[in-house]
Amino acid sequence: MKIKNGFELRDVCGEKVIIAQGLENLDFSKMINLNESAAFLWKASSEMESFTEEDLVHLLCEEYEVSQDVAAKDIHSMIKEWKSLGLVSAE
């Protein structure tokens, strides 16, 4: 997977949000709020050429005190939401 071009993580009034950039995302009318760990994962994954859910589970477990099972469940839900919003592509 990879983060689609045209989406950027920004700090707006102390909140981490994803906003759309460019004409190809003109119909994107949402700002996506991210918690601290999701913002960490967005930043890390946007710097990778591609990533898997397992890559993000590994990163989350390294950065935060969370079990691998909990991380895998949370990452799966997060990626499912990101896909439904059109933020990531299969490549």
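Enquirer: Give me the sheet that holds strand E4 (residues 32-34): which residues, what numbers.
Expert: Pairing is antiparallel in the open sheet, where three strands are placed in the order E2-E3-E4. The sheet is open, and its two edges are formed by strand E2 (7-12) and E4, each paired on a single side. Strand-to-strand twist across the sheet, computed as the mean angle between neighbouring axes with direction ignored, equals 35 degrees. Direction of pairing for E2 relative to strand E3 (residues 15-20): antiparallel, over a ladder of six bridges. Bridging across to E3, Leu 9 finds its partner in Ile 18.

Enquirer: How would you explain the packing of helix H2 (residues 53-63) against helix H3 (residues 68-84) if you had to name every residue and give the values?
Expert: It is the contact of H2 with H3, at a shortest axis distance of 9 Å, that shows an interaxial angle of 130 degrees. On the basis of the axis angle, H2 is oblique to H3. Where H2 crosses over H3, the handedness of that crossing is right-handed. Residues Glu 53, Leu 56, Val 57, Leu 60 and Cys 61 of H2 lie in contact with H3, whose contacting residues are Gln 68, Ala 71, Ala 72, Ile 75, His 76, Met 78 and Ile 79.

Enquirer: Can you tell me about the packing of aromatic side chains, naming the residues and giving the values?
Expert: Tallied over the full model, the rule gives two aromatic pairs. With a centroid separation of 5.9 Å and an interplanar angle of 80 degrees, the aromatic rings of Phe 40 and Tyr 64 are classed as edge-to-face. Of this pair, Phe 40 sits in helix H1 (residues 36-46) while Tyr 64 sits in the loop between H2 and H3, and the two are 24 residues apart along the sequence. Tyr 64 sits in the partly exposed class, given a relative accessible area of 24%. Aromatic side chains Trp 42 and Trp 82 sit 5.0 Å apart centroid to centroid with 80 degrees between the ring planes, which places their arrangement in the edge-to-face category. Residue Trp 42 is located in helix H1, and its partner Trp 82 is located in helix H3; the two are separated by 40 residues in the primary sequence. Each member of the pair Trp 42 and Trp 82 is classed as buried.

Cut-offs and rules
Residues numbered from 1 in each chain as written. Predicted model: local features only at pLDDT ≥ 70, side-chain atom pairs only at ≥ 80, totals over all residues. Heavy atoms only, no water. Pairing = 2+ DSSP bridges. Helix = DSSP H or I, 4+ residues; strand = E, 2+ residues; numbered from the N terminus. Axes fitted to C-alpha atoms, helices over the stretch in contact; angles between N-to-C directions. Parallel < 35°, antiparallel > 145°, perpendicular 65-115°, else oblique. Left-handed = near helix turned anticlockwise from the far one by under 90°. Contact = heavy atoms within 4.5 Å. Phe/Tyr/Trp six-rings, centres within 6.5 Å; stacked < 30°, edge-to-face > 60°. Buried < 20%, exposed > 50% of the residue type's maximum accessible area, 1.4 Å probe, protein only.

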